[in-house]
Amino acid sequence: MNRVTKYIVLVLMNLRAHIWLNLQIIFCFAVLCFMVTLFSVFCISLNATQNSLAKNYISANYIVSDTAVDTNGPQAETLTYKVYDCAEATYNALGAELDYLIYSVIQIQCGGSTYTCTQDGNLSICAGESLFTQNDLKEADGQLLYGSYPTSAYEICISQNLLECFGIDGGDITGKTVSISFIKNSAAIFTDVTVCGVISSGYYSLHGHNGGADQFAPDIWAAQDCALFTADGGWYTNYVYSFTEWLTESDIQYYKDTYGCKYAGSGVTEDIAVIADMQTIALNLTVITGTATGAGLLLIIYLLTDKYIRQFYIGGGILQACGMCNKELKLLLFLQIIFISLISAALSALLSWAGYAAISYFIYSLLYINLVAPAAWVTVLVFAAGAAAVFITAALFCIFKTHNINKVTIRQMLETKPY
């Protein structure tokens, strides 16, 4: 039997001989490593989730107002646009005032073909020089406009979402002349206008334009001087202020109270605040509960390690009587600690994965917030650091307990009390 095989056999024999004690040590090592890993990964995940919300939802960080607003400090980009007020115009065209148009009452004519839609949906007609803010472009992953903005009363941009509801392909209609009218009496909404651009569906997937009541999401974008329906209809001006940094609750309340603004990103700021509160709670739990529990586990590990070394002294006395030197005896002890630590690490990895999955599910069930899992290498690094910390702690205990093993006789080892 070679030297390596001999040590492996001795380690396994020791584990089997004191299986209950070894299981206690493995469980304590695993729980301590689990606590360190789970808390670290959870805190990293909370921070990543908060950063992800702030970055990936940034298009929703704006206020809408029907009057000019003094932003009073926070850096903001101003977008002015006009919305068509169709109440009087629809009364003249349909005999009833409608606050907004719906898809199912209009038809689109292009190249001799007429397209209708039975789907409900609000048709928003807006006009202005610019449609996208820098925050939209920052969040977007792809092109938001195919073509160009309208520059005259005879050009419009139309949304890809609207075209899909009418069964029209954006590539087939760009650059062509269309007319949009009511189905009931063919009263014109737009007559012989050129579709100079198509607003990508990706724009309406941005968190600032995905259908919220306070959000800005036009279906048709026209030029400022476009005349619609009849002379009785008109435009009213709205203002969008898109902020580079997320607004605080006090800022939001100020704009609402002072100017009657609507804030599009309230849901996101609430989630960011919730995650910040969770970080505070996690920190407090760690300081109070985690510190006490960790200290208790360290004490248990110390006591178990002490018992383990006492048992090892008895076996070591027999091995020394068989010719094993002190250096080999210490090596055997550390090999056993390493073997136990590896088993504990495997158990801890399983516990950490299950614990993180349970916490993620619990948070989503309560708050509908998906935690952003850290990168795999970060998780592995944190786990390795936690496992190393536990192993080093146990190793230091062993070194402290066995520092004078050279002075202990075989007789004293054999007479050691295990408890």
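Heads up: the structure comes first, above all this text.
Residues numbered from 1 in each chain as written. Predicted model: local features only at pLDDT ≥ 70, side-chain atom pairs only at ≥ 80, totals over all residues. Heavy atoms only, no water.

A word on the packing of aromatic side chains. Taken as a whole and judged by the stated rule, the model has 11 aromatic pairs. Judged by centre distance (5.4 Å) and plane angle (65°), the ring pair of Y254 and Y255 falls under edge-to-face. Under the relative-accessibility criterion, Y254 is labelled partly exposed at 33%. Ring centres 5.8 Å apart and planes at 80° place the aromatic pair Y364 and Y368 in the edge-to-face group. Accessibility expressed as a relative area gives 38% for Y364, which makes it partly exposed. According to the relative accessible area criterion, Y368 is exposed, its value standing at 62%. Here the aromatic cluster, defined as three or more aromatic residues joined through ring pairs, consists of F132, Y149, Y203 and Y204. (Phe/Tyr/Trp six-rings, centres within 6.5 Å; stacked < 30°, edge-to-face > 60°. Buried < 20%, exposed > 50% of the residue type's maximum accessible area, 1.4 Å probe, protein only.)

Most of strand β4 (residues 106-110) sits inside the fold, with four of its five residues counted as buried. Bridge count for β4 against strand β5 (residues 113-116) is four bridges, and the pairing is antiparallel. Bridge assignment links Q107 to a residue of β5, and that residue is T116. Counted between consecutive antiparallel strands, the loop separating β4 from β5 contains two residues, among which G111 sits at a positive phi close to 60°. (Helix = DSSP H or I, 4+ residues; strand = E, 2+ residues; numbered from the N terminus. Pairing = 2+ DSSP bridges.)

L123, I156, F166, I180, I189, F190 and I220 are the most contacted members of the largest nonpolar core, which totals 31 residues. Here the element with the most residues in this core is strand β11 (residues 188-199); it accounts for five residues. If we skip the residues at most four places from it in the chain, I220 touches L123, S124, I125, C126, I156, C157, I158, L162, I180 and F190. Ranked by size, the runner-up nonpolar core spans 29 residues in total, among them A60, I252, I272 and M278. (Core = buried A, V, L, I, M, F, W, Y, C linked by side-chain atoms within 4.5 Å. Contact = heavy atoms within 4.5 Å.)

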